[in-house]
Amino acid sequence: MTDAVVDYDEALQTYDPVMGLEVHVELNTKTKMFCGCSTVFGAEPNSQVCPVCLGLPGALPVVNASAVESAIRLGLALHGSIADWSRFARKNYFYPDMPKNFQTSQYDEPIVYNGYLDVEVPTESGDGTEVFRVEIERAHMEEDTGKSLHVGGATGRIQGAEYSLVDYNRAGIPLIEIVTKPIVGAGTRAPQIARAYVAALRDLLKALDISDVKMEQGSVRCDANVSLRPVGTEKFGTRTETKNVNSLRSIERAVRYEISRQAAVLDAGGTITQETRHWHEDTGITTAGRPKSDADDYRYFPEPDLVPVAPAAELVEKLGGTLPEPPAQRRKRLQSDWGYSDLEMRDVINAGAVDLIEQTVAEGASPAGARKWWTGELARRANVEGRTVEDFGVTPAHVAELDGLVKGGRLNDSMARQVLEGVMAGEGAPTAVADARGLELVQDDGALEAAVDKVIAANPDVADKVRGGKLNAAGALIGQVMKELKGQADAAKARELILAKLT
Amino acid sequence: MAVLRPVWTANRLRGMSALSRDEVAHVAMLARIQLSDDELDRLAGQLDQIVGFVATVGEIAADDIPPMSHPLPLENVTRTDEVRPSLTPQQALAAAPRAEADRFAVPRILDEE
């Protein structure tokens, strides 16, 4: 069952990969594309359906104005042209995920055409990054399909199932499908470029606030078309389409795998079958799905129940005025404002903490403090526990307050961590938690000095070492002082005092 | 007022030749309609006639008369993004031939290989 593969680097010496990426994005509108049913995720099955999205006789769809505006804003952010006249079409097929037996989509008159997205990727030599431009062919509006549960098979898969159960809550949720032009010239970096493109698109969708971009919930799904041609030739090879790759890491892995697999087929003198392929997250391979056939004639025709969408120039211009700062540009600006190194900024981005830190700094925290708590503490912890930082109930205002308590000298780091525990446990805001838990550095210099004297007297050997110039030995004394004061001493101050007394 | 634009069907109609029996068989396959040989023979002739009738439109429509896909001179009919009541699962499933766990039960999708 497992296909032969050749080593990736070897494959790239012989073949030049060409990719085409199709990304489906679920919009975050309150209602569906053509009816007023709610789009909230996770509702009871078939509780968000109506005659329109169930395709009952006589029901008439009406376009969601917000969805059209989202499509236009995305198109403008992708530097695309907005069609001044655009229509919906019926895509006819036989599959129970759409109760209408067709999906309302757009065919040859998409709302957005000819755009591009610049993505940052590592240079070929690997030292530094450069911009790679991905050209966009089109973006069109359509509706999502229902969700099927397959019953009776061994694995819950469609193969071998006896029957299927369908929930149509998702059927009709607004989707935008963004289709790239063939991506050529990616070379060995094809998998990275595919990943970087979807990541950049996700960032853009988030900045536009038109999708919740939760890939794990299927809000953003990628189909990856991959073909190989001998290095130095022009004509594209036969492509395969790997469907529903739903994480950034998987996109990179799936493209890489397809390149290795197709190279093995071609090396053995075989030909690539034009087919859809399924990605298997667990084993990291793709397997053959349906071959393209005559039955894939979707008999598109203009949707007679919907009138054309013809956005007025004034509307397009108005929406153009609502575009956010491009994510890459914003990150550069923030990095420079905050004075983070490239490495620090990368950690912040990977932790998904850019917005949180921006808000925390706006609440008065220092950029260094905000980074320390969000990425050093909260994101690290979320990662270990398999949660997201948002789950902790800690707000930017909390972190700013905590940072203030540390900067103001009331708390040291270990006390601040305890306070953070309290905030996460729902005990209130940092100052209230510190008060309730009695956490406060000893401000009384007399008490600190007394503790230092006591510790020096009790540890004459260590004290002699420090006197003899072994300053590192002071650490043991500081530890004793902290213990003496139940952890509520300022360690830096204690060290200062010890050294002053012994040297 | 630019309301109607050229569509797929218009030019196709004009140059339409006779509908062959094979084409009818193909369309029947796409529509998942099983036709016997007799039915194919009969329907191919009838469909060809219907297409012929429609094609006469092409004789009248000059190049300066754009084809239409919709009888209403309307554009941009939209609704605001406000939630309206949905059916209950019981109502939604009332007409389903089979339901299970509040879902529509449908026959096996893929045939056994």
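This is a predicted model, so every value here is computed, not measured.

*Asks:* Now, about the overall build of chain B: what can you tell me, with residues and values included?
*Replies:* Scanning chain B from terminus to terminus reveals four helices and three strands. Going residue by residue from the N terminus, the α and β elements of chain B occur as α-α-α-β-α-β-β. Buried positions account for 20% of the 113 residues belonging to chain B. Long-range contacts, defined as pairs at least 24 residues apart, comprise 56% of the intrachain contacts of chain B with a sequence gap of at least 6. For chain B, the accessible area works out to roughly 8,300 Å², and carbon and sulfur atoms hold 56% of it.

*Asks:* Which residues make up the environment of arginine 381 of chain A, and what are the values?
*Replies:* Residue position: arginine 381 of chain A is located in helix α9 (residues 367-385). As a C-alpha pair, arginine 381 of chain A and alanine 207 of chain A span 174 residues in sequence and 26 Å in three-dimensional space.

*Asks:* Before we move on, could you go through the interface of chain A and chain B and cite the residues and values that matter?
*Replies:* Across the contact, 58 residues belong to chain A and 41 residues belong to chain B. In this structure, the connection of chain A to chain B is made through zero salt bridges. Across the contact surface, chain A and chain B share 22 residue pairs in polar contact (both at pLDDT 80 or more). Of all elements in the fold, only β2 (63-64), α2 (65-77), β8 (147-151), β9 (163-167) and β15 (301-302) of chain A reach the threshold of two or more residues within the side of chain A that touches chain B. Sort the elements by how many residues they give to the side of chain A that touches chain B and β9 of chain A lands first, with five residues. A per-class count over the side of chain A that touches chain B returns 35 nonpolar, twelve polar and eleven charged. In this structure, β9 of chain A lies alongside strand β3 (residues 103-107) of chain B, joined through four bridges in antiparallel fashion. The residue of β3 of chain B that forms the bridge with valine 166 of chain A is phenylalanine 104 of chain B.

*Asks:* Summarise the sheet that holds β8 of chain A; cite the residues concerned and give the values.
*Replies:* Strands belonging to one sheet form pairs held by backbone hydrogen bonds; the direction of such a pair is parallel or antiparallel. Taken in spatial order, the four strands make up an open sheet running β8(A)-β9(A)-β3(B)-β2(B), and their pairing is antiparallel. The open sheet has two edge strands, β8 of chain A together with β2 (99-100) of chain B, and neither has a second partner. Taken together, the two bridges between β2 of chain B and β3 of chain B define a ladder with antiparallel strand orientation. Looking at β3 of chain B, one finds that alanine 99 of chain B is bridged to phenylalanine 104 of chain B.

*Asks:* Describe the pattern of salt bridges, and please don't skip the residues or the numbers.
*Replies:* Residue and element names in this part refer to chain A. In total, this model carries 42 salt bridges over all chains according to the counting rule given. For the salt bridge of glutamate 258 with arginine 277, the shortest nitrogen-to-oxygen distance reads 3.2 Å. Placement of glutamate 258 in helix α4 (residues 248-267) and of arginine 277 in strand β13 (residues 275-280) is noted, with a sequence separation of 19 residues between them. With respect to burial, glutamate 258 and arginine 277 carry one shared label: buried.

*Asks:* Could you give an account of helix α2 (residues 21-30) of chain B, naming the residues involved and the relevant values?
*Replies:* Residue and element names in this part refer to chain B. Of all the positions in α2, only Val24, Ala28 and Leu30 are classed as buried. For α2, the angular spread of buried residues about the axis comes to 160 degrees, placing them on one side. Summarising the contacts, the buried residues of α2 are in contact with α3 (37-60).

*Asks:* Can you lay out the pairing of strand β5 (residues 102-105) of chain A for me, pointing to particular residues and giving the numbers?
*Replies:* Residues and elements named next belong to chain A. Of the two faces of β5, the one lined by Phe102 and Thr104 and the one lined by Gln103 and Ser105 are each fully buried. Judged from the four bridges that link them, strand β4 (residues 89-92) and β5 form a sheet pairing that is antiparallel. Across the sheet, arginine 90 pairs through a bridge with threonine 104, a residue of β5.

*Asks:* So what's going on with the packing of helix α3 (residues 190-208) of chain A against α4 of chain A? Which residues, and what values?
*Replies:* Residue and element names in this part refer to chain A. As a packed pair, α3 and α4 sit with axes 8 Å apart at the nearest point and diverge in direction by 150 degrees. Looking at the two axes, α3 sits roughly antiparallel to α4. Helix-helix and strand crossings are classified by hand; for α3 and α4 the assignment is right-handed. Each of Ala190, Pro191, Gln192, Ala194, Arg195, Val198, Ala199 and Arg202 in α3 lies in contact with α4, whose residues at this interface are Leu248, Arg249, Ile251, Glu252, Val255, Arg256 and Ile259.

*Asks:* How would you summarise the pairing of β13 of chain A if you had to cite specific residues and measurements?
*Replies:* Residue and element names in this part refer to chain A. Most of β13 sits inside the fold, with five of its six residues counted as buried. As defined by bridge partners, strand β12 (residues 240-245) adjoins β13 across three bridges and the pair is classed as parallel. The residue bridging lysine 243 from the neighbouring strand is histidine 278, located in β13. For the crossover from β12 across α4 to β13, the handedness is left-handed. Between the antiparallel neighbours β13 and strand β14 (residues 285-291) lie four residues, among them glycine 284 with a positive phi of about 70 degrees.

*Asks:* Explain unusual backbone geometry to me, using residue names and the numbers behind them.
*Replies:* All names here are of chain B. Here the phi dihedral of arginine 32 falls at roughly 55 degrees; this positive angle occurs in a residue that is not glycine. Among the secondary structure elements, arginine 32 is positioned in the loop between α2 and α3. Classification of arginine 32 by relative accessible area gives partly exposed; the value is 46%. Look at alanine 101: it is not a glycine, yet its phi comes out positive at around 50 degrees. Topologically, alanine 101 is positioned in the loop between β2 and β3.

*Asks:* Explain the packing of helix α8 (residues 354-362) of chain A against α9 of chain A to me, and be specific about the residues and the numbers.
*Replies:* Residue and element names in this part refer to chain A. Closest axis-to-axis distance for the α8/α9 pair is 9 Å, and the angle between their directions is 140 degrees. Taken together, the axes of α8 and α9 lie oblique to each other. Relative to α9, α8 is oriented so that their crossing is right-handed. Mapping the contact onto sequence places Leu356, Ile357, Thr360 and Val361 in α8 and Pro367, Ala370, Arg371, Trp374 and Thr375 in α9. Taken together, the residues that form the contact of α8 with α9 break down as six nonpolar, two polar and one charged.

*Asks:* Help me get a handle on the domain arrangement of chain A, residues and values and all.
*Replies:* Segmenting chain A into domains produces domain 1 (8-296), domain 2 (327-437) and domain 3 (445-502). Taken over C-alpha atoms, the centre of domain 2 of chain A sits 31 Å from the centre of domain 3 of chain A.

*Asks:* Can you lay out helix α10 (residues 396-407) of chain A for me, pointing to particular residues and giving the numbers?
*Replies:* All names here are of chain A. Here α10 contains twelve residues, and its C-alpha end-to-end distance of 16 Å stays within 8% of the 16 Å for a straight helix at 1.5 Å per residue. Along α10, the positions that sit buried rather than exposed are Pro396, His398, Val399, Ala400, Leu402, Asp403, Leu405 and Val406. In this structure, the buried side of α10 is in contact with α8, α9, α11 (413-424) and α12 (430-437).

*Asks:* I'd love a proper account of the nonpolar core, names of residues and values included.
*Replies:* Side chains that are nonpolar tend, in soluble globular proteins, to be buried together. All names here are of chain A. Counting residues in each nonpolar core, the largest one holds 88 residues, and the members touching the most others are Leu74, Ile111, Val119, Ile178, Tyr197 and Ile259. Counting residues per element, this core draws most heavily on α3, which supplies twelve residues. Excluding residues within four positions of it along the chain, tyrosine 197 makes contact with Leu21, Val23, Leu117, Val119, Val134, Ile136, Ile178 and Thr180. With 35 residues, the next largest nonpolar core counts Ala365, Met424, Val433 and Leu439 among its residues.

Rules used throughout
- The residue numbering used here restarts from 1 in each chain and proceeds along that chain's sequence as written.
- Chain labels run from A onward and ligand labels from 1 onward, assigned in the order the entries are written.
- Two thresholds apply to this predicted model, a pLDDT of at least 70 for residue-level local features and 80 or more for giving and counting side-chain atom pairs, whereas whole-chain, interface and lining totals are computed over all residues.
- Heavy atoms from the whole structure form the basis of all side-chain values; hydrogens and water molecules are not counted.
- Helix and strand assignments come from DSSP, with helices taken as H or I runs of at least 4 residues and strands as E runs of at least 2, each series counted from the N terminus.
- Only protein chains enter the calculation, and the probe is 1.4 Å; a residue is then buried if its accessible area is under 20% of its type maximum, exposed if over 50%, and partly exposed in between.
- Here, two residues are considered to be in contact whenever any of their heavy atoms come within 4.5 Å of each other.
- In these tables, accessible area is a Shrake-Rupley quantity obtained with a 1.4 Å probe, and a residue counts as shielded only by the protein chains included in the view.
- Here, a salt bridge means any side-chain nitrogen of Lys or Arg that lies within 4 Å of a carboxyl oxygen of Asp or Glu.
- By the criterion applied in these results, polar contacts are pairs of N or O atoms within 3.5 Å in which, for protein atoms, one can donate a hydrogen and the other can accept it, and in which residues neighboring in sequence qualify only through two side-chain atoms.
- For this scheme, ten residues count as nonpolar: Ala, Val, Leu, Ile, Met, Phe, Trp, Tyr, Cys and Pro. Four count as charged, namely Asp, Glu, Lys and Arg, and the remainder, Gly too, count as polar.
- Strand pairing is assigned whenever DSSP identifies at least 2 bridges connecting the two strands.
- Each direction from the helix axis to a C-beta atom contributes to the arc, which is the arc of those directions.
- A fitted line through C-alpha atoms represents every axis, and for helices the fit uses only the stretch in contact; the resulting angles, taken between N-to-C directions, go from 0 to 180 degrees.
- For classification purposes, an angle smaller than 35 degrees is called roughly parallel, one larger than 145 roughly antiparallel, one from 65 to 115 roughly perpendicular, and anything else oblique.
- Here is the rule for handedness: rotate from the far helix to the near one, and if that takes an anticlockwise turn smaller than a right angle the crossing is left-handed, while a clockwise turn gives right-handed.
- Classification remark: right-handed applies to a crossover when, strands pointing away from the viewer, the course from the first strand over the helix to the second runs clockwise.
- These domain limits were set by an automatic method or by a database of domain assignments.
- What a helix should span is 1.5 Å times the count of its residues minus one.
- In these notes, a set of buried Ala, Val, Leu, Ile, Met, Phe, Trp, Tyr and Cys residues joined through side-chain atoms within 4.5 Å is what counts as a nonpolar core.

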